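# Coordinate inspection notes
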Amino acid sequence: MVLKASFQMAFLAIEIILTFYSNVLEDSLMVKFLLFVITAVLIAMGVTKLANNLLPVDKDFVSTEDEDNV
């Protein structure tokens, strides 16, 4: 429940930030595009890192180090 609420708050904050970018930088499409790309990359990296920390380790995965020791 807390995790779901934190995701909703994060996406709400992202939407507010993107709205701010849109209102402040109405004239320059290139600057808006670059800020959108940078923001999208940062969000994707954050979500990936958060998912890696929260989700359990895949039990079917066998690393190359484990294969060498067998």
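As the structure is a computational prediction, the values presented were derived from the model and not from experiment.

Rules used in this analysis
Here the residue numbers are simple positions, counted from 1 along each chain's written sequence. Reporting of local features is limited, given that this is a predicted model, to residues whose pLDDT is at least 70; pairs of side-chain atoms are given and counted only at 80 or more, and all residues count toward the totals for whole chains, interfaces and linings. Each side-chain value is derived from all of the structure's non-hydrogen atoms; neither hydrogens nor water enter the calculation. By the criteria applied, helices consist of DSSP H or I runs no shorter than four residues and strands consist of E runs no shorter than two, each listed in order from the N terminus. Only protein chains enter the accessibility calculation, which uses a 1.4 Å probe; a residue whose area is less than 20% of its type maximum is buried, one above 50% is exposed, and one in between is partly exposed. Computed by Shrake-Rupley with a 1.4 Å probe, the accessible areas treat only the displayed protein chains as cover when residues are assessed. Like-charged residues within 9 Å of one another, or nonpolar side chains (Val, Leu, Ile, Met, Phe, Trp, Tyr) within 5 Å, are grouped into patches, provided each residue has over 30% relative accessible area and no salt bridge. Salt bridges are defined by distance alone: a side-chain nitrogen of Lys or Arg within 4 Å of a carboxyl oxygen of Asp or Glu. Each residue carries a pLDDT score, the predictor's own confidence in it, on a scale running from 0 to 100. Note on definitions: a residue-residue contact is assigned when non-hydrogen atoms from the two residues lie within 4.5 Å.

### Notes on the overall build of the chain
Within the chain, the regular secondary structure consists of three helices and zero strands. Starting at the N terminus and ending at the C terminus, the chain contains elements arranged as α-α-α. Within the chain, the fraction of its 70 residues that count as buried is 3%. Surface summary for the chain: the accessible area is close to 6,500 Å², and the carbon and sulfur share equals 69%.

### Examining a nonpolar patch on the surface
A surface patch of nonpolar side chains, about 900 Å² in accessible area, is lined by Met30, Phe33, Leu34, Phe36, Val37, Ile38, Val41, Leu42 and Met45. Here phenylalanine 33 lies in helix α2 (residues 29–54). Relative accessible area serves as the criterion here: at 51%, phenylalanine 33 is assigned to the exposed category.

### Re the confidence of the model for the chain
Taken over all residues, the pLDDT of the chain has a mean of 77, while the share at 70 or more is 74%. No element of the chain has a lower mean pLDDT than helix α3 (residues 64–69), which averages 58, and none a higher one than α2, which averages 84.

### Remarks on the environment of phenylalanine 7
Here phenylalanine 7 is to be found in helix α1 (residues 2–24). Assessed through its relative accessible area of 30%, phenylalanine 7 is described here as partly exposed. Sequence separation between phenylalanine 7 and valine 47 is 40 residues; the distance between their C-alpha atoms is 9.5 Å.

### Details of the side chain of threonine 39
The topology assignment puts threonine 39 in helix α2. Not counting residues within four places of it along the chain, the set of residues in contact with threonine 39 comprises Leu18 and Tyr21.

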